[in-house]
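Now for the letters of each chain:
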Amino acid sequence: MNSNLLQQHAAFKKQASSAIVPKQAKHSSPQANEPSKKRFKPDTKSVASNPNTFKWLKLCVDRLRKRYQKERKPISIDELIKMTGLDLDPHEKAWLSGALKDNQKVSYDREKDKFSFKPVYPLHNKDDLLNVLREHYDNGMGGLLEGDVRECFLKPDEVINELTSEQLLKIVTRSDKQKVLYYRDTSVECNVNSDFKELWNTISVKEISDQDIENYLKRVGIATMEGYGGKKKSASKKKPTKRKRNVKMLNSHLDSKMLKEFD
């Protein structure tokens with residue numbers, strides 16, 4: 001064989017061997033070697049039977065209310081638990097988070113997964129309270145419970161007293177001792193003679209029944225409201241008692257072979 005061909009053949013084999021890249025060993029991913037982690041499933045049913053759950057919920061809602069009076073920024077469940085000083089396990093934490101989401105006094109931001117207090121009226125200052133009072137007055141919606149107003153302010157007495165001193169607010173105590181705040185419209189107020197007030201208070205209507213008042217209003221041509229008050233019970237009629245009829249029993253249905261004579 002030609003020596004040149006042998007040299008070319010040897011050079012080709014050398015070049016080919018240098019170009020071969022060794023196969024890299026397959027490295028198993030660390031996740032494949034690690035055991036699969038099970039998804040955490042909170043056992044909220046067993047937590048609900050804990051007698052302390054109501055205490056946890058009330059403590060967190062009160063804390064959110066106090067924070068709302070100072071700062072309106074929502075917080076996470078971990079921050080809330082830290083602020084209240086509660087020591088809860090993952091199951092109790094999951095129950096508390098669900099209970100706060102369902103609470104009417106709590107507002108939940110799904111995007112940020114944070115909680116904040118939710119008052120009945122979003123009041124920030126005295127002007128907000130005055131606007132809501134005037135809106136209720138103009139639309140015939142009545143007043144605002146003092147308790148619903150107090151939970152919005154850190155110092156509610158200052159706000160209420162300031163509006164009262166400006167003659168823009170009137171407080172009425174109901175029969176259940178709850179106080180209601182009304183907008184005071186001074187343009188419709190009038191001074192009534194003290195003698196007339198005294199005469200009005202001395203008139204007794206205890207001996208007059210509702211039916212007498214209704215009859216009087218009809219006589220003077222004033223229509224009364226129908227369906228107001230309790231329903232009159234109709235006199236119940238007693239059902240006649242059924243008397244038992246005396247029926248003569250016959251033995252005609254019995255077989256003659258069954259009948260025996262006894263001496």
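Model, not experiment: these values are computed from the prediction.

What counts as what
Residues numbered from 1 in each chain as written. Predicted model: local features only at pLDDT ≥ 70, side-chain atom pairs only at ≥ 80, totals over all residues. Heavy atoms only, no water. Pairing = 2+ DSSP bridges. Helix = DSSP H or I, 4+ residues; strand = E, 2+ residues; numbered from the N terminus. Contact = heavy atoms within 4.5 Å. Axes fitted to C-alpha atoms, helices over the stretch in contact; angles between N-to-C directions. Salt bridge = Lys/Arg side-chain N within 4 Å of Asp/Glu carboxyl O. Buried < 20%, exposed > 50% of the residue type's maximum accessible area, 1.4 Å probe, protein only.

Enquirer: Quick question: what am I supposed to make of the sheet that holds strand β4 (residues 169-173) here?
Expert: Through backbone hydrogen bonds, the strands of a sheet pair up, either in parallel or in antiparallel fashion. Sheet architecture is open: three strands sit in the order β3-β5-β4, paired in antiparallel fashion. Because the sheet does not close on itself, it has two edges, and the strands there are β3 (144-145) and β4. Bridging between β3 and strand β5 (residues 179-183) involves two bridges; their strand directions are antiparallel. The residue of β5 that forms the bridge with Leu144 is Leu181. Against the sheet, helix α7 (residues 126-138) contacts β3, β4 and β5, and its axis sits at roughly 80° relative to β5.

Enquirer: Quick question: what am I supposed to make of the pattern of salt bridges here?
Expert: Side-chain pairs of opposite charge can arise where the charged atoms are in close proximity. Following the criterion strictly, the structure yields eleven salt bridges and no others. With its nearest N and O atoms 3.0 Å apart, the salt bridge here joins Lys58 to Asp62. Of this pair, Lys58 and Asp62 both sit in helix α4 (residues 53-70), four residues apart, roughly one helical turn. Taking the relative accessible area as the measure of exposure, Lys58 reaches 48% and is therefore partly exposed. When its relative accessible area of 22% is taken as the criterion, Asp62 is described as partly exposed. The salt bridge involving Glu162 is made with Lys126; its shortest N-O contact spans 3.0 Å. Of this pair, Glu162 sits in helix α9 (residues 156-165) while Lys126 sits in helix α7, placing them 36 residues apart in sequence. Residue class for Glu162 comes out partly exposed when judged on its relative accessible area of 37%.

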